[in-house]
Amino acid sequence: MNYLPVGPRDEVPVRGGRAVFLDGPDHSLDGDAVAVAPGVWAVRVAAAVVEKHGRPVAPRELRDPLVDAAVALLRNRERVRFDPADGSELTYDEHGVAFGASGRPVFPRVDPAVIGIVELKDAERLLLGMNAQRRTQFSLIAGYVSHGETLEAAFEREVMEESGRLVTDIRYVASQPWPVSGSIMVGMRGVTADEEQRADTDGELAEIVWASRSDILDHRIPIAAPGSIAHDLIMAWAREK
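Just so you know, these numbers come straight off a predicted model, no measurement behind them.

**As for the sheet that holds strand β8 (residues 91-92)**
Spatially, three strands are ordered β8-β9-β10 in an open sheet, and the strand pairing comes out antiparallel. Each edge of the open sheet is held by one strand with a lone partner, namely β8 and β10 (105-106). Where strand β9 (residues 98-99) meets β10, two bridges bridge the pair, whose relative direction is antiparallel. When the sheet's bridge partners are listed, F99 is paired in β10 with P105.

What follows is the structure in structure tokens.
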């Protein structure tokens, strides 16, 4: 068996640029464990255990599908303890699948969220916003998909709610798992003719700017950190011409 130790902030040990998987058993690996792949488990450990085996690194910095799955499944097991259908306590088999009293499998939940590029029509300017709760960087418009929505409709709604602008010509670009919140981030792209907002916003953004390519490439404004799909989309837009 191989075990990936996951710290209290979902950090994992890294050596040589790769996550460290330990051969079990190990007395320090005494937290909840969940099966990730054949012969591979993730286990919650103290921060000191992670530091003992490597440099603590957030999953998004690694872009390792196995690490993403490990963190997402471990967080799901810690948070989902009872069957939503009958309230019975869940048990997990050797493959990490949960079952309630009815014997029906309860699969881990994945919450889709949209995020994306909004370009000002014929102007080569990118819409960026600063979150009112985290005023450290500018990022892209984002939000969760509601029931009954397509990805395109969700992105159109989020842009209108957060920036007061109507976005059109929406298309899919890329995606990234986001295990910290059990989500998958779906990257979109669209254009708007609204340089100024046309409607009230929900207050989620403290500031909105129209950024040029040089603003981004010359580091004139702080943007989302490397390892995130927001950073990738912003930099791809800035470098594409």
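Picking up after the structure, the text goes on.
**A look at the layout of surface pockets**
In this approach a probe as big as a water molecule rolls over the atoms, and the regions it shows empty are the leftover space. Of the voids in this model, the largest pocket is the one considered here, and its volume is about 740 Å³. Along its surface, the largest pocket is lined by 28 residues, and I115, R134, S139, A142 and M185 are the ones closest to its centre. Those elements giving two or more residues to the lining of the largest pocket turn out to be β11 (111-120), β12 (126-131), β13 (141-144), β15 (183-192) and α6 (229-239). With four residues, the single largest contributor to the lining of the largest pocket is β13. Each residue belonging to the lining of the largest pocket can be placed in one class, and the counts come to 15 nonpolar, nine polar and four charged. Of the volumes computed, that of the second largest pocket is approximately 350 Å³. As for the second largest pocket, its lining consists of 21 residues, of which A72, R109, S181, G182 and S183 are closest to the centre. Ranked by residues supplied to the lining of the second largest pocket, first place goes to helix α3 (residues 65-79) with eight residues. Residue composition of the lining of the second largest pocket, by class: twelve nonpolar, four polar and five charged.

**Examining the environment of I170**
When you line up the elements, I170 lands in strand β14 (residues 168-178). Each C-alpha atom, one on I170 and one on G39, is 42 Å from the other, the two residues being 131 residues apart in sequence. Every residue in contact with I170, bar those within four places of it in the chain, is listed here: E152, F155, E156, M188, R189 and G190.

**Here we look at the environment of R125**
Assignment of secondary structure puts R125 in the loop between β11 and β12. Here R125 falls in the partly exposed class, since its relative accessible area comes to 35%. Spatially, the C-alpha atom of R125 lies 13 Å from that of E240, the residues being 115 residues apart in sequence. Discounting residues that sit within four places of it in the chain, R125 has contacts with V118, E119, L120, W210, A211, S212 and W237.

**Section: the packing of aromatic side chains**
Evaluated as defined, the whole model comprises zero aromatic pairs. For the cation-ring pair, R77 lies above Y92, with the distance from its terminal atom to the ring centre recorded as 4.3 Å. Lying across the ring of W237, R213 places its NZ or CZ 4.2 Å from the centre.

**Some words on the sheet that holds strand β1 (residues 2-6)**
As summarised here, the arrangement of the four strands in space is β4-β1-β6-β5, forming an open sheet in which the pairing is mixed. On the outer flanks of this sheet lie β4 (22-23) and β5 (33-37), each paired with one strand and no other. Looking at chain direction, β5 and strand β6 (residues 40-44) are connected through four bridges and run antiparallel. Of the residues in β6, the one forming a bridge with A33 is V43. Packed onto the sheet, α3 meets β1, β5 and β6 and runs at close to 145° relative to β5.

**Some points on the environment of W178**
Relative to the elements of secondary structure, W178 occurs in strand β14. Among the residues examined, W178 registers a relative accessible area of 23% and is labelled partly exposed. C-alpha of W178 to C-alpha of A132: the two residues are 46 residues apart in sequence and 21 Å apart in space. Setting aside its immediate chain neighbours within four residues, W178 contacts R60, S183, I184, M185 and S228.

How each quantity is defined
- Residues numbered from 1 in each chain as written.
- Predicted model: local features only at pLDDT ≥ 70, side-chain atom pairs only at ≥ 80, totals over all residues.
- Heavy atoms only, no water.
- Pairing = 2+ DSSP bridges.
- Helix = DSSP H or I, 4+ residues; strand = E, 2+ residues; numbered from the N terminus.
- 1 Å grid on protein atoms, 1.4 Å probe; cavity = no way out; pocket = protein on both sides within 12 Å on 5 of 7 lines; lining within 4 Å.
- Points joined across faces, edges and corners; volume = space filled by probe spheres on them.
- Nonpolar A, V, L, I, M, F, W, Y, C, P; charged D, E, K, R; others polar.
- Contact = heavy atoms within 4.5 Å.
- Buried < 20%, exposed > 50% of the residue type's maximum accessible area, 1.4 Å probe, protein only.
- Phe/Tyr/Trp six-rings, centres within 6.5 Å; stacked < 30°, edge-to-face > 60°.
- Lys NZ or Arg CZ within 6 Å of the ring centre and 35° of its normal.
- Axes fitted to C-alpha atoms, helices over the stretch in contact; angles between N-to-C directions.

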